Amino acid sequence: MVVIRGATTIPCDEKQEIQKAVKELLEQIESCNLLKKEEIVSIVFSSTSDIHSYYPAKAAREAGFGSCSLFSSMEPEIDGGLGLCIRVMLFVEKDMMPRHVYLRGAKVLRRDITSVYNVAIDGPAGSGKSTVARRLAADYNILYLDTGAMYRACAVKALEAKVNLEDETAIVDLMRSVKLDVEYENGIQKTLLDGENVSEKIRLPHVSMAASIVSKHPSVRMHMAEKQREIARKMSCVLDGRDIGTFVLPDADFKFYLTARPEVRAKRRYDELVAKGHEVDFEALKADILRRDIQDSTRAIAPLKQAEDAVLIDTSDMTVEEVVTLIKQKMQEKI
Ligand code: DC
């Protein structure tokens, strides 16, 4: 059972205003939590004592929310409290992270729970980060930002321009000269380099190693981290990478560190590449992953590392479903 909270205000104490405000509030809660009416068990309203003309519970029934139990009550007067305000609590039978909705003037009541939130998921290659991050973002209806794709795009550009991957100055100059964009189509991230869609190219095995090399340069990281922070400031998102919880967003609201045994991680990558029609040597792929692990976790700036306040999850023997459920549970416990 999950509780979703919300509130709104009305301009004056009139029946139509209450009907309009309650309908708007419930419909917004319903749409941004992707709720079905049958998942709502009960709705409880309370309104400030300056509201007499109508019961919010009746307005809820008229707005089509009559199949659950409804209740309205009146709050005592509080000095300096917000006037003409209707609060609501929805009890919902669903495994989800609630998105609370505060409309009109009521936003000032709960700045803490109406603001943007970020979920950081770090870990080595093949730990399951991207699959889990994509699922979480879809379930919560927020953005998924694949930060590895940005380093991979940088590597593609460097390989195409035949720039020495170890040459930090040349790589950064190159990055400054290209337009790197991430766009979303039906919730799927597209990575664009000077307008060219490189989403497929960046997944090739030789690009993985090149990405790991270019990502060790401090100025490349600063450039990427700034881009990532800019996106995370503007909207709620799930970000996956190596340094999100430790460097990009050290104050992220929720932090997870996923890991798995090397054989399991290599097998996942192998299956992914084979499914895409690539010919892959399993042992070579596993050796590559282990080399990348060392490279990513021993670099001087923002290495792959579990943040002290991140929840550690070993996904070796877990299904995607189990990992997603566990993460949601941990998030619920924190709010
Ligand atoms: O997650 P991935 O396999 O797509 O990442 C490719 C490489 O990019 C990885 O080996 C290290 C680097 N990377 C990084 O340094 N920091 C991030 N936040 C994401 C990726």
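Residues numbered from 1 in each chain as written. Predicted model: local features only at pLDDT ≥ 70, side-chain atom pairs only at ≥ 80, totals over all residues. Heavy atoms only, no water.

## Focus on the site of the ligand
The line we're drawing: We define proximity as follows: a residue is near a molecule or strand when any one of its heavy atoms falls within 4 Å of that partner. Under this definition, polar contacts are N or O atom pairs within 3.5 Å; protein pairs additionally need one hydrogen-donor-capable and one acceptor-capable atom, and for neighbouring residues in sequence, both atoms have to be side-chain atoms. The Shrake-Rupley method, run with a 1.4 Å probe, gives the accessible areas here. Residue values count only the displayed protein chains as cover. Where helices and strands are cited, they refer to DSSP runs of H or I of at least four residues and of E of at least two residues respectively, numbered from the N terminus.
For the ligand, the set of nearby residues contains 17 residues, the closest of which are Arg152, Arg221, Arg242, Arg292 and Asp296. At a separation of 3.0 Å, a nitrogen atom of the ligand approaches a polar side-chain atom of threonine 147. Against a free-state accessible area of 450 Å², the protein chains account for coverage of 97% of the ligand. Where the shell around the ligand is concerned, the elements lending two or more residues are helix H5 (147–160), helix H7 (205–214) and helix H11 (282–298). Among the elements that make up the shell around the ligand, the one with the highest residue count is H5 (4 residues).

## Details of the side chain of glutamate 17
Our working rule: We call two residues contacting when some pair of their heavy atoms lies within 4.5 Å.
Note on placement: glutamate 17 falls in helix H1 (residues 15–32). Leave out the neighbours within four places in its chain, and glutamate 17 touches Ile10, Pro11 and Cys12.

## Re the environment of leucine 165
The condition that has to hold: Each residue's exposure class comes from its accessible area (1.4 Å probe, protein chains only) as a fraction of the maximum for that residue type: buried when under 20%, exposed when over 50%, partly exposed otherwise.
On the secondary structure map, leucine 165 appears in the loop between H5 and helix H6 (168–177). For leucine 165, a relative accessible area of 14% corresponds to the buried category. What leucine 165 contacts, discounting residues up to four positions off in sequence, is Ala158, Leu159, Ile171, Ala210, Ile213, Val214 and His217.

## Quick notes on empty space enclosed by the protein
To be explicit about the condition: Here a cavity is any set of points on a 1 Å grid over the protein atoms alone where a 1.4 Å probe fits but cannot get out, and a pocket is any open set with protein on both sides within 12 Å along at least 5 of 7 lines; a residue lines the site when it has an atom within 4 Å of a point. Grid points are joined across faces, edges and corners, and a volume is the space filled by probe spheres set on the points.
Under the counting rule described, the total for this entry stands at 1 cavity of 30 Å³ or more. Asp122, Gly245, Thr246, Lys255, Phe256, Tyr257, Lys305, Ala307 and Ala310 are the residues that line the largest cavity. The set of elements that each furnish at least two residues to the lining of the largest cavity consists of helix H9 (244–248) and strand S12 (254–259). No other element matches the 3 residues that S12 contributes to the lining of the largest cavity.

## Structural notes on the pairing of strand S7 (residues 143–146)
Applied cut-off: The rule for pairing is simple: two strands pair if DSSP sees at least two bridges between them.
The alternating pattern of S7 places Leu143 and Leu145 and Tyr144 and Asp146 on opposite faces, both of which are buried. Judged from the 4 bridges that link them, S7 and strand S11 (residues 237–241) form a sheet pairing that is parallel. Paired with leucine 143 across the bridge in S11 is cysteine 237.

## Focus: the sheet that holds strand S8 (residues 180–185)
Note the cut-off: Fitted lines through C-alpha atoms give the axes, limited to the stretch in contact for helices. The angle between two N-to-C directions lies from 0 to 180 degrees.
Taken in spatial order, the 3 strands of this open sheet run S8-S9-S10, and their pairing is antiparallel. Each edge of the open sheet carries a strand with a single partner, namely S8 and strand S10 (196–197). Of the strand pairs in this sheet, S8 and strand S9 (residues 188–193) are connected by 6 bridges, and their pairing is antiparallel. Looking at the pairing, valine 182 lines up with threonine 191 of S9. Contacts from H5 reach S8 and S9 within the one sheet, and its direction differs from that of S9 by about 30°.

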